Amino acid sequence: MEDNRDLILDPDVESEESAVASTQEGKYVTFKTGKEYYAIKIQYVNEIIVYQDVTAIPESEDYIKGLINLRGKIIPVIDVRVRFKQEEIPYTDRTCIIIIDVNSTVVGLIVEKIAEVVEIDAANIIPSPSFGKADKSQNRYVYAIGKVGEDVKLLLDPDKLLNEADKALIGQAEVIQGDQVKESHAGSEDDKMEGIMI
């Protein structure tokens, strides 16, 4: 699998940004949920990490699994399978969290299995057809279908995975969790100073 783009960009070098944007064009990170393979534009993806313990958010929707602390940054995570109204399954060593940034909102997507990074030409992307009365909840999040050889990938609109109420609740939880982390660090520093004084 290709590098999952933990990139650091120099904001002062526009040419480098343009080059990166060019290399990302048409590339998607694909993953499996249930029997289907989904794809999300690589430009949204910050990194991919193995599953780690999550701190639950009280009174949140079942698909919002909670918060993780990733190198000091508090990030909400949602279970894509549960979001799609599919049966919840235990997490395994293949379970991953895709960290994405959508409109300055950073969120983690818990997925069953990362597949690969693929390139999908615009000519091979068709608008998502009307599914009529099909009860597949995930269809509302799919904006198009991409053809990769003989395979089909369902292209996700990540901005639709969280509604405004979810974002507000997560924002409040992030503030509370962030304050707790700061207090914990402050307590650790106080303990160090006491040790030095003794």
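Residues numbered from 1 in each chain as written. Predicted model: local features only at pLDDT ≥ 70, side-chain atom pairs only at ≥ 80, totals over all residues. Heavy atoms only, no water.

Overview of the pairing of strand β5 (residues 73-79)
Heads up, the condition is: Each residue gets one of three labels from its accessible area relative to the maximum for its type: buried under 20%, exposed over 50%, partly exposed in between, using a 1.4 Å probe on protein chains only. Numbered from the N terminus, helices here are DSSP runs of H or I no shorter than four residues, and strands are runs of E no shorter than two. Two strands are counted as paired when DSSP detects at least two bridges linking them.
Where burial is concerned, most of β5 is hidden: six out of the seven residues are buried. Here six bridges tie strand β4 (residues 64-70) to β5, and the two strands are oriented antiparallel to one another. Counted as the bridge partner of Leu67 is Pro76 from β5. Between the end of β4 and the start of β5, which pair antiparallel, lie two residues, with Arg71 showing a positive phi angle near 50 degrees. Of the pairings in the sheet, the one linking β5 to strand β7 (residues 105-111) comprises three bridges and is parallel in character. Bridge pairing in β7 places Ile78 opposite Leu109.

Points about the sheet that holds strand β9 (residues 125-127)
Selection criterion: Where helices are involved, their axes are fitted lines through C-alpha atoms of the stretch in contact, as for all axes, and angles between N-to-C directions lie from 0 to 180°.
Across the sheet, which stays open at both edges, the six strands sit in the order β8-β1-β2-β11-β10-β9 with mixed pairing between neighbours. If you trace the sheet from one side to the other, it starts and ends with β8 (113-119) and β9, each paired once. Taking each pair of neighbouring strands and ignoring which way they run, the sheet shows an average axis angle of 35 degrees. Relative to strand β10 (residues 142-148), β9 is paired through three bridges, and the arrangement is antiparallel. The residue of β10 that forms the bridge with Ile126 is Ile145.

Comments concerning unusual backbone geometry
We note that Glu59 has phi near 65 degrees; this positive angle belongs to a residue other than glycine. Tracing the chain through its elements places Glu59 in the loop between β3 (45-50) and β4. On the accessibility criterion, Glu59 (83% relative accessible area) is exposed. Backbone geometry places Ser104, a non-glycine residue, at a positive phi of 70 degrees. Tracing the backbone through its elements, the reader meets Ser104 in the loop between β6 (96-102) and β7. Residue class for Ser104 comes out exposed when judged on its relative accessible area of 70%.

Focus: the environment of Gln86
By the secondary structure assignment, Gln86 is in the loop between α2 (80-83) and β6. The spacing of Gln86 and Gly34 is 52 residues in sequence and 7.6 Å in space, taken between C-alpha atoms.

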